[in-house]
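What follows is each chain in one-letter form.
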There are 2 protein chains.
Amino acid sequence: MTGHDVAAHAGVSQSTVSLVLSGNPKARIADETRERVIEAARELGYRPNLLARGLVQRRSFALGIVVPELDNPFFTEVVSGAERVAGEAGYGVLLADSGQIPAAEHVMRLRERQVDGVILAGVPVETMPDEALADANVVVVDEPTGRYPGVASDATGAGRKAAEHLLSLGHRSLAFMGPADPSYTFRMRERGFVQALREAGCAITSPLLRRAPASVAGGDRAMAALLALEVPPTGLFCANDLMALGALKACAAAGVRVPSELSIVGCDDIEMARYVTPELTTVMVPARGLGARAARLLLLTLDGRDTGALSGKPLEVEFVSRQTTAPPPRREP
Amino acid sequence: MTGHDVAAHAGVSQSTVSLVLSGNPKARIADETRERVIEAARELGYRPNLLARGLVQRRSFALGIVVPELDNPFFTEVVSGAERVAGEAGYGVLLADSGQIPAAEHVMRLRERQVDGVILAGVPVETMPDEALADANVVVVDEPTGRYPGVASDATGAGRKAAEHLLSLGHRSLAFMGPADPSYTFRMRERGFVQALREAGCAITSPLLRRAPASVAGGDRAMAALLALEVPPTGLFCANDLMALGALKACAAAGVRVPSELSIVGCDDIEMARYVTPELTTVMVPARGLGARAARLLLLTLDGRDTGALSGKPLEVEFVSRQTTAPPPRREP
DNA sequence: AGCGGTTGCTCATACGTATCACCAAATACG
DNA sequence: CGTATTTGGTGATACGTATGAGCAACCGCT
C-alpha cells in the first residue's frame, strides 16, 4: 500500500498523489483530480510511510524524551505533558528511560532515529559529552545550562515559600533533606529555603541538613536520622514529595505524630500527595506544564520561530496547604 | 555524515561500509579493510540513519506502546518494563498516551511510523475497528482476546487470594468495588473474588458491590457509599490499588479505623501501596513483568520464533500482607 | 597451463516519499 | 492571429541504506 498504488487507482502519477495528500496547499491541483486522489486513498486505506517521508524531508516529525526513571511520578507527568503537546502537533514521541545505559548513549540512539529534537528531563546535562548534543535541538527541563534552551520552574521560590510557611507557623527549628548530588533544581530549592531562613534570622545548622537519595526510601532513612538527634526539628522541608512520603513513613513507624509533633513540607505535588494520610502539604511544581512547555518550545524551535518568549520566565510554583503542617508543639509541655 | 562519507574516508565503497558496519557477519571482508572502515567511522562519529535502514529493510526496529493514561502507575510500570526489554534489544519505543484521541487512531499513527509491532495495554481491544490492527504485530497486555497474542496475569487468582485471606481472618460481610465498564482483567478479579466467597457459602449482596471509576477519586466515592450503608461490610476488596487508596482516604475522612473496623485489600501492588499509612495489603501483579514479557513476546514474534511458550500461562500474582487487614471487630462490642 | 572455486570488493538498484524542472494544453492579451 | 501566461499535471531524481549480481584477482588442483 504505497503512494504508487493510490496513483494507479486514481489514474494519476505518484507525484500528484504526494502533492494532493501532503504537499503544501499552494500546489495547483484541479478540484476534480484532488477529489479522485483523496477518494482512492480512502478506499485503499492508504497511510503514508513516515520513514520515507522523513528520509527525504530530513525531518522525522518525532521527538525524543529522556528521563532517568519512569518510576518517579514527577517525570511521568513531564512525559505525559510533552506527549500530549507533541501528539497534538502530529509528532511522535520516542521514550528513553535512562536506567543502566548512560543518558548520552540514549541521546545518540534517538538521534540515529533522526528525531527532530530531544527533551532532557532530570538528566545531568553538564556531565554529558559535547558531541552527544552537538547541533541537536535540545530542550532541558528544570536545569538551566546556559548552553541549551530550557524550561524551568521557580525552584528558589519553592524553597522560599516552604520556609515562609513554616516560619509563619512559628517554627524556628527547621530541617532540610535533599539528595547528595543535587541537580540544579534541587540546589535551588535548598538555596531558597536556606536563604529565607537566614533572612528571618533563623540559620539552619549542619546536623539538620540531611543528604539521602531523593526517593521514598531515602526520605525514610533521612527522617530516621533526624529523629535520632538530641533535639529533633519541629519542621522539615523535603527536596521532593517522594522524600516527604518517606519521612512521613518514618514518623509513622517511630510513633511521631504529624503535624502535631513535626511539620513536613514536600515539593512537586505529585498525585500521591493528596492521597496519603495525613495529606501532604507541599509546593506544587507544574510537572505536566513543564513537559508541555518543553515540547512547545522544541516545536517552535523546529519551526524556526522565535523562542525567547517561552524560554524566558520560570513557571510559577504554588504553595499547597494540606495536613502535614501545624504550629510547633509548645516547649517542655 | 553518511555512509558515503565514511566510504570516501576509508577509500572503499559505500556498500563495503554497510557490509562492515551492519551486514551479517558472514560477509567476506578482509580484516584490514574492516579495520579501516571501523576506524573511519569512529573518527567521523558516524551513526547510521535508521530511517533509511528501516525503509530498505522494511523494519524500523521500533515498537509502539499504547496506554490509556500514564497517570496510572500500573501502566507506567508496564511501559517501563517494555521499554527496558526493547531497549536492550536495540529497539526504540514510541509511546502513545491515549488521552482524547481514540486508541485505534494512535495505532494507525504508530503504524505510519512503521513500528514493527504494537503493545496494547489497558485499551479496549474488542471495540477497535479490525482494520486498525489488520496484519499488524500486536501483543495485548492483560486482556485475552483470542485473536491476538497476549500476556496476562492470573486475575481470577488475584480475586481468589484476596477472598481467601479475608475469609481466613474471619470476615463474612464482604464488599467489592470496581469500574462500571470493567476490562477483562477487572471482570476476572471480580469473578475470582465472588466465586471464592460463594464457595465458602458467603455470597456477596448487591449493595456491597460498588461501581465507580478505577481511580482514587472513584474509590473515595464508592467507600463513602459503603460507609453510608445500614450495615457496612467488615472487609473490602478493590479492583485496583488506586481505588483502595481512595477507600483508605474516605475511611480516614469518616473516622473509620483501618484495619480494626474495616479491612481493605487492593490489587496491583503499585509502589505507593507501601508508602501509605497504614500500608496497603494487596495482591501483587507484576506490571513491569507484564510489560517486559509483552515486549519479549513481540520481539520473538518479529524474529519468527515460536511464541507458544511465552504466550501460554498467565503470570503468577502474589498476596502481599501489610497493615490494612485484620480480623473483623466483634459484633456488638 | 588450464580451470573451477574462493575471496574481496564494487555497481546498480530498490525502499516510498517529496520536490524541482519541465511540458502540454488552455487561456489571456494586444 | 501570434504570443505570453497560467493551469494542471508528469518524469526524474534524491534522501541513506541494504543487498543481490557481478567481476577481478588469486588459490589449489591436475
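All figures in this text were calculated on a predicted structure; none of them were measured in a lab. (Residues numbered from 1 in each chain as written. Chains lettered and ligands numbered in written order. Predicted model: local features only at pLDDT ≥ 70, side-chain atom pairs only at ≥ 80, totals over all residues. Heavy atoms only, no water.)

A few points about helix α3 (residues 31-44) of chain B
All names here are of chain B. Keep this limit in mind: Where helices and strands are cited, they refer to DSSP runs of H or I of at least four residues and of E of at least two residues respectively, numbered from the N terminus. Expected helix span is given by 1.5 Å per residue-to-residue step, counting one fewer step than there are residues. Whether a residue is buried, partly exposed or exposed follows from its accessible area with a 1.4 Å probe, protein chains only, as a fraction of its type maximum: under 20%, in between, or over 50%, in that order. This arc is taken over the directions from the axis of the helix to the C-beta atoms. Between two residues, a contact is recorded if the distance between any of their heavy atoms is within 4.5 Å.
For α3, spanning 14 residues, the distance from its first C-alpha to its last is 20 Å, which sits close to the expected 20 Å at 1.5 Å a residue. Along α3, the residues that are buried comprise Thr 33, Val 37, Ala 40 and Ala 41. Angularly, the buried residues of α3 cover 100 degrees about the axis, an arc narrow enough to put them on a single face. Seen from the buried face of α3, the exposed residues on the opposite side, beyond 90 degrees, are Asp 31, Glu 32, Glu 35 and Arg 42. Next to the buried residues of α3 lie α1 (3-10) and α2 (14-21). Of the residues flanking the end of α3, it is Gly 45, one or two places downstream, whose phi is positive at about 65 degrees.

Notes on the interface of chain A and chain B
The line we're drawing: Summed over both partners, the accessible area (1.4 Å probe) lost when two parts come together is defined as the buried area. Each reported salt bridge corresponds to a side-chain nitrogen of Lys or Arg within 4 Å of a carboxyl oxygen of Asp or Glu. Throughout this description, a polar contact denotes any pair of N or O atoms lying within 3.5 Å of each other; where both atoms belong to protein, one of them has to be capable of donating a hydrogen while the other can accept it, and for residues adjacent in sequence the pair is counted only when both atoms sit in side chains.
At the interface, 47 residues of chain A touch 47 residues of chain B. Note on chain A versus chain B: buried area summed over both sides is about 4300 Å², and carbon and sulfur give 57% of it. Sorting the residues of chain A by area buried against chain B places Leu 51, Glu 112 and Arg 113 of chain A first, and these three jointly supply 17% of that buried surface. For Arg 47 of chain B, the salt bridge is made with Glu 105 of chain A, and the minimal N-O distance between the two is 3.9 Å. Taken together, the connections running from chain A to chain B amount to 18 residue pairs in polar contact (both at pLDDT 80 or more).

Focus: the protein's contact with DNA strand D
Short version of the rule: Proximity is defined per residue: if any heavy atom of the residue lies within 4 Å of a molecule or strand, that residue is considered near it.
Around DNA strand D there are 25 residues in total, and Thr 16, Arg 28, Ala 30 and Thr 33 of chain A together with Gly 3 of chain B lie nearest to it. Sugar and phosphate atoms constitute 61% of the interface atoms of DNA strand D, taking the interface as everything within 4 Å of the protein. Between DNA strand D and Ser 13 of chain A there is a distance of 2.8 Å, counted from a phosphate oxygen to a side-chain nitrogen or oxygen. In the model, a base oxygen of DNA strand D is placed 3.1 Å from a nitrogen or oxygen of the Ser 15 of chain B side chain.

Some points on the domain arrangement of chain A
For clarity, the cut-off: The start and end points of each domain follow an automatic or database-based domain assignment.
As far as domains go, chain A holds domain 1 (3-48), domain 2 (58-153 + 287-302) and domain 3 (155-285). Averaged C-alpha coordinates put domain 1 of chain A and domain 2 of chain A at centres separated by 35 Å.

Some points on the relation of the copies chain A and chain B
Condition: The atoms used to superpose the copies are C-alpha atoms, taken from residues with pLDDT of at least 70 in both, and the fit is least squares.
Laying chain A over chain B is done by rotating through 180 degrees and shifting 0.0 Å along the axis; what remains is an RMSD of 0.1 Å. What the superposition gives is, in effect, a two-fold axis relating one chain to the other. Across chain A, the smallest distance between a C-alpha and the rotation axis is recorded for Leu 94 of chain A, namely 2.3 Å. Both copies contact each other with a shared surface, as 100% of the interface residues of chain A are interface residues in chain B too.

Examining the nonpolar core
This is how it is decided: Joining through side-chain atoms within 4.5 Å is the link that ties buried Ala, Val, Leu, Ile, Met, Phe, Trp, Tyr and Cys residues into a set, and such a set is a nonpolar core.
Membership of the largest hydrophobic core comes to 156 residues, with the highest contact counts inside it found for Phe 193 and Ile 264 of chain A together with Phe 193 and Ile 264 of chain B. With 38 residues, the next largest nonpolar core counts Ala 103 and Leu 120 of chain A together with Ala 96 and Val 140 of chain B among its residues.

Points about the protein's contact with DNA strand C
To be explicit about the condition: Each residue is assigned to one class: nonpolar for Ala, Val, Leu, Ile, Met, Phe, Trp, Tyr, Cys and Pro, charged for Asp, Glu, Lys and Arg, and polar for all the others, Gly among them.
Within the structure, DNA strand C sits among 26 residues, and Gly 3 of chain A together with Thr 16, Arg 28, Thr 33 and Arg 58 of chain B are positioned closest to it. Counting only atoms of DNA strand C within 4 Å of the protein, the sugar-phosphate share comes to 62%. Within the contact set of DNA strand C, a phosphate oxygen lies 2.7 Å away from a side-chain nitrogen or oxygen of Ser 18 of chain A. Between DNA strand C and Val 56 of chain B, the relevant distance is 3.5 Å, taken from a base oxygen to a main-chain nitrogen or oxygen of the residue. The set of elements that each furnish at least two residues to the surface near DNA strand C consists of α1 (3-10), α2 (14-21) and α4 (50-57) of chain A together with α2 and α4 (50-57) of chain B. In terms of residue class, the surface near DNA strand C is made up of 10 nonpolar, 13 polar and three charged.

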